[in-house]
Structures are given as C-alpha cells and as structure tokens.
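In case you want the letters, here they are:
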Amino acid sequence: MTHAEFLHMFLKPFLPKVVPVLPGLRALRSVGGFMTRSRLRFGLLLIVILVLAQAPPQPTRGGESLQTSSAGEPAEKHPIHTMPYSPSLDLTSMDHTADPCVDFYQYVCGGWMKNNPIPPDQAGWSVYAKLADENDQFLWGILEEASDASRPRNASEQKIGDLFQACMDEPAIEKLGAAPLEPGLHEIAALTSKSELAGYLGHEHMNARGGSAVFGFGSAQDFEDASQVIAFARAGGLGLPDRDYYTKTDPRSQTIRDQYIVHVQRMFVLLRDSPANAATEAQTVISIETALAQKSLTRVEKRNPHNLLHKMDRAQLKAITPDFDWDAYLTGIGLGSVQKFNVTEPEFYREVNSLIQSESLDDWKTYLRWHLAHAWAPYLSTSFQEENFDFYSHKLRGVAVMEPRWKRCVRLVDRNLGEALGQVFVARTFGPDIKARTLKMTREIEAAMEDDLKNLPWMSPETKQQALEKLHSIVNKIGYPDKWRDYSSLEIVRGDFAGSIRRSAVFESKRQLAKIGKPVDRGEWGMTPPTVNAYYDSQTNDINFPAGVLQPPLFDPKEDDAPNYGNTGGTIGHELTHGFDDEGRLFDGKGNLRDWWTKEDAAQFDERIACVREQYAGYVVVDDIHINSKLTSGEDVADLGGTLLAYIAWKKATEAQKMMSIDGFTPDQRFFIGYAQWACENERPENLRMHAMTDPHSPGRYRVNGIVSDLPQFQRAFGCKAGQPMVRAKLCRVW
Ligand SMILES: [Zn+2]
C-alpha cells in the first residue's frame, strides 16, 4: 500500500474484518462489507484480499425515517448488459410536503427513502449502493461471458472468467469442507516453542492465510520522504471491527462482546473441538485480543499522522520486541535484508512482546487457529460461511439474509483481478467524452479553489503561497489507470477456488512487499475502475475518480450543468478539500508530512475546525449516540468546502448562459437539489451504531443539512429566513 494511511474516500469506510483500522483513504462514501475494496490495494497488509465480502457495497445512513424490510428474500437479479438509467435530479425522490428550509434532506430525499426500502441482504441502502448493485449486475454479465471456456478468450478474460467460475462452483467448495485450512492447522500444531511463532507468522502473512494475526506488516510511502516506499509494521490482530469494541463498557458493547465470544466458540466447534474446549478457547482468544486492543490507538488518535511515525532500524525493532524473532519473520515473508521500518504503534509491539512472555504456547496456538479459520471462513463450506455471516453481518449490522453467491463472487473478482475486469468494464462504459467533461469540471473547481485561497481573509501571504503550490501540484486521475496491472504471473485455475484465492493472496503480498526500498509509483490506483466511489490521497496528492462513479445518477450527461456541478462537482470539490482538511493540511504538495503553516494561520484554521466540530457534535446518529465529530471533522470540512467550491465553479462556468427554471425550480435550486440527492439513504439501526464508532463520515442527513445550513447561497436560493432550522445562527466556514 502506498498511501493507505492518508488516502481519503468520499464513502464511508467498509467494515474492516481483518484489516487493521487505518486513518484511511478519504472517499466519498464508504462501502459496506467486510473489506474495503479500495483499501485492499493500498493494503499494506498481506492479507486483505482474502476476504470475500459478505455485506453490501455501501452502507448508508438514514435519518429517522428508516425503511427496513427485515424479512424475505432479496429480489431475484439477473446479469445485465446495459446499465439502467436514473436521472441525477429525480423529482420522484423528493418529498414535496416537506419544507426545504426546515429539513432539506427530507425535502430532497423523502421520496427516495420511501421508495427504496433496505433489501434484506443489506445493512443499508443508498443512491450509491443502488448504483453499485446495478454495476455488479453489469459485471456479472461480463463475467458470465468470460467464464464460458468454449469461446475464444484473451488472457485477462481467462483469469476473470475462471476465478468467477471457481467461486460459483458451490458443490466443489462444499465437498472440500474445511480442507483448505488443513495445511495451516498442521503448521500451527507443529509449533514446539514460542520462539517459532515469528517464523510461522512470517510465512503465514506471506501466504495470507491467517488475516492479520497478531499484527499487520506491509509497505507504505514514507511520511518523511514522499518519494520512497518503506516497510510498515502496524497494529492488528483483532477479530472485532475496532479496538473500542473491546474497551467500551456500555450494555450494547457488552452484548456485542458476548455474541462475539459465542461466535468464536462456534468456529472452534466447526474445527471439531468439543463444545467445552471451544468455550475455554474462545475466552483465551478474547483475552489476547483485549490486551492487544488496549494498547492500540483509537481512530481519532490515528487521524494524526505524527502519532504513527516511529522510524526504526532492525536493532531498534528487535529492542522493543526482544522475544519476537524478527529475523525469522522477515525471512518468512521474503524480506531478509530490509533494515528500515516505520512502526506505527510501538506501544502495541511492546504489548505483543509481553504477551509472548505471559501466554502459553498452547494459548498462542489457540489464538492462531481462530485467526486462520476467521480469515478463511468466507471461502469454505456453508457452515463456515453461515456462522461468519451470522455474527459479522446479522448481529453486528442487522442484515437479515446473506447476499447471493453471484454478488459475492463478482466482488471477489473485482478485488483480486480488478484491473483485468476493469479493462472490460471501461471499454463498455466509459467514453472519452465523459473523461473530457469531468476533467474540465475538475480544472474549473481547482481554479475556484485558487481564487478562494487568494482571497481568504484569515490566511497570511506566506501560507497562501505554500497552499497554492500544493494546489498546483495536485494530479487529477480520472476513469482508469494509464498503465494496467500485469497479472500474468498469477495462476487462476478453473475449478480450484481455494488454490486460486491463495495464489491471488500471495500475488498481492509479493506485489506490495516488492515496493519496499523503491520509489513510489504515482500512477497506481487505490480503487478499481468499476468502483462507485472516489478518493483523495494526501501522500501522492492526487484525486481519483474511477469510471464507476462517473455514471448516472451521479454524473449524468443527459442533464444540464446545475445538478451535475452540484453532484459530481461537489464530489470533486470534496476530494480537493481533503488536501486542506485538518489531516490533509499536515502534508505538503509533494506528500511529505511537513508543517508549512505559520503559527497564526494554524491557529486560525483550528478555530474554524472547532466551529465545524461543535456543529456536528450536536447531531444524533441513532438512539442517544451523537456524531463523534473529532472523527468526522475531515469529512465534514470536505463536504462544506467541496459544495461551496462546486457552486462557485458552476456560477463561473455558466455566467454567459441564460439559465431558465426547469420543473418550477430555479437553476440555483436545481444545483442544491442535485447536490443533495447523492446522499439519499436508509440504514439499519445496528449499522448506524457500528458506524457511529467506526465511520469518519457523518450520516447522509447531516452531510446535507449540516452543509446547507452553513451556506447563505442555499438560504437565498430557497428563501430561508433567520431562525429556520436550515439557517444556522453561527455559520461555519473553513475554505
Ligand atoms: Zn471524503
């Protein structure tokens, strides 16, 4: 992963299953499921590709009017060969009985929320999730064709088609049962002393069979030298989605922990341990994981990259973990000669060392067996898949039924061979005209930011100069990479699901580790082309818009500029602003972690951030849980700045046009309706509770109402008056 740490996406982060939590890519929204498609690749960790997502592409967050259908089967779907069309400004999605100055989100999304109940196999549903679902059906059509071995296929089609075929072959997977776990289980059983743990883990992480057992290890861009990739040793080793699940004492967290212990116990029973032994083993697992969690940083602490910067040489690394044989570990993952490391959380590694001293070899073996089974569960027979689903999707996120096999297999191919699948996707969906139009819009929004920066009343000329340099260095990546990834060394075998998955995992591990000691590849993408999402990466200082996110209803070539600048323009502005949010501002234009602010300007900035934090801390996510605005402030600031920049750019781009009202809405009103309709969503309360803990994005309702209530441009467009809910007495503005 090059830039995993500070890549930021617009979407909400996926629920990490085995991936340690990172201050992440900053995307538009995050995509649901256990694994972040997007993160994988930055994924430092050797492991991540292992997990077959079981949850939806994008969880959404609704407000009060949740529509859930908690029973029944998901609607039957078929492969499709053309994408269905929905307009970027949809009158049927609105609630015309609502007052835009009282609750703008209800006004623009009320109809959508009513018309789009959450499917039973999803934790939430949204405009983004719906598009991603249609995209999956379209990819299904591509993969079904590619899996037909009787027709002539090129090398890419052979790989994506055969992996899809292997994944869909349920009888073969069922017949194997837990057999794919056996080599790993034997290795664990053969350990005779704690000194052998390191060698096992090295091999294990390389072969990607055990998830991030104990810790995570991989490659990433050096915080201090943006041109180089170095080795990163991170915290990890947990089975729950966040360290807070182990430390919180409220009743809901206690219930989740109890359910988790039962889940771990059941997994040991599936490995044929007796129920009594399994119960003891589950206690062992939770006790080791709790100790690791207590020494892991919180998500808020990890938003500050300075907290994650601890360069060490090999001797220093050995000194903080004297009981862990790093030479054996590094040889195991094929990095025998690497000397330089960034240890993101040294306290965590000290804890690993004391646990090696205090826990018995048998207890460590128990912990490793759990993580092995946990990482492989989605690829094994039905009993493993169902147990895995029951805890991670049903109990944790409120999902009623498992997603259909085809969908999980489409995602699996996208995660493992995304740039092979992406080539076919791009050829069928993404024309040069869309690329040209989006690029033009991006440049206009960058120009709007330049004007905005030059005229900022609170920033000194010195800091402005640096900010402009950073802005001018931003690289715009639109649609798909210039150079496609070469998968030729990866062997995918029809009918061999477990083997193909294992080889894909090793391929990705090697690809990531091979970057260590080399210059950063700035052409690399952190999302696959079909992904319905976008991100900004502070360390490479680029914004990335995959072809998947540049489709209706998000970017709609049939509509006029107003809703398109509101929606896609707002997203471009959002990503751009991430370079200058409370986290992004810590990096310079080259991507180095370097303070380029004068003290006074930094203080002015912090004051403005405090305004946004105070505003969002007042919003309720679900029950009595408020937004953790120290976690969401980067996204909230990006939403606020991004919308304003898109508005300014749109005004400028259309100043010579005579714009008329359409359907009774003025151009300004259509800009704001188009802006807000990306965010329509419904979400299950369980999922909302989880997101309140793990998601750096605010719920959709506040991503709309929080923004417009700070914008006089909106208030004028709808004639809102002082004292109405969409007109805040104290307006926040950063950029
Ligand atoms: Zn974002």
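Scroll up a little and you will see the structure.
Read on for an overview of the structure. (Residues numbered from 1 in each chain as written. Predicted model: local features only at pLDDT ≥ 70, side-chain atom pairs only at ≥ 80, totals over all residues. Heavy atoms only, no water.)

What follows covers the pattern of salt bridges. This model, assessed by the stated rule, comprises 43 salt bridges. Among the ionic pairs, arginine 266 bridges to aspartate 390, the shortest N-O distance being 3.7 Å. Highlighted residues: arginine 266 in helix α9 (residues 251-270) and aspartate 390 in helix α16 (residues 382-397), separated in sequence by 124 residues. Here aspartate 390 ties to lysine 395 by a salt bridge, and the two come within 2.6 Å at their closest N and O atoms. Salt bridges sharing common partners tie together Lys77, Asp133, Asp136, Glu403, Lys407 and Arg411. (Salt bridge = Lys/Arg side-chain N within 4 Å of Asp/Glu carboxyl O. Helix = DSSP H or I, 4+ residues; strand = E, 2+ residues; numbered from the N terminus.)

A few words on the sheet that holds strand β5 (residues 229-235). Sheet strands line up and pair through hydrogen bonds in the backbone, either parallel or antiparallel. Taken in spatial order, the four strands make up an open sheet running β4-β5-β7-β6, and their pairing is mixed. Here the strands that pair on one side only, and so sit at the sheet edges, are β4 (215-221) and β6 (311-313). Averaged over all adjacent pairs, the angle separating strand axes in this sheet is 35°, with direction ignored. Along the sheet face, helix α14 (residues 346-358) touches β4, β5, β6 and β7 (340-343) and points at about 60° away from the line of β5. (Pairing = 2+ DSSP bridges. Axes fitted to C-alpha atoms, helices over the stretch in contact; angles between N-to-C directions. Contact = heavy atoms within 4.5 Å.)

Moving on, we come to the packing of aromatic side chains. As enumerated under the stated definition, the model contains 47 aromatic pairs in all. Taking 5.9 Å as the distance between ring centres and 50° as the angle between the ring planes, the aromatic pair formed by phenylalanine 324 and tyrosine 329 counts as tilted. There is no split in this pair, since phenylalanine 324 and tyrosine 329 are both buried. Between tryptophan 458 and tryptophan 735, the ring centres sit 5.8 Å apart and the planes meet at 50°, which makes this aromatic pair tilted. On the criterion of sequence distance, the pair formed by tryptophan 458 in the loop between α18 (432-455) and α19 (461-473) and tryptophan 735 in the segment after α27 (712-717) is long-range, its members being 277 residues apart. Across the pair, exposure class does not vary: tryptophan 458 and tryptophan 735 are buried alike. Linked through ring pairs, Phe104, Tyr107, Tyr647, Trp650, Phe671, Phe672, Phe714 and Phe718 together constitute an aromatic cluster. (Phe/Tyr/Trp six-rings, centres within 6.5 Å; stacked < 30°, edge-to-face > 60°. Buried < 20%, exposed > 50% of the residue type's maximum accessible area, 1.4 Å probe, protein only.)

Here we come to the state of the cysteines. Inspection of every chain in the model, using the stated rule, returns four disulfides. There is a disulfide in this structure between cysteine 101 and cysteine 720, and the S-S distance comes to 2.1 Å. For the disulfide bridge between cysteine 101 and cysteine 720, the dihedral angle about the S-S bond is near -80°, and by the sign convention the bridge is left-handed. Separated by 619 residues along the polypeptide, cysteine 101 in the loop between α1 (37-42) and α2 (104-115) and cysteine 720 in the segment after α27 bring together distant segments of the chain. Both residues of the pair, cysteine 101 and cysteine 720, count as buried. (Disulfide = S-S within 2.5 Å.)

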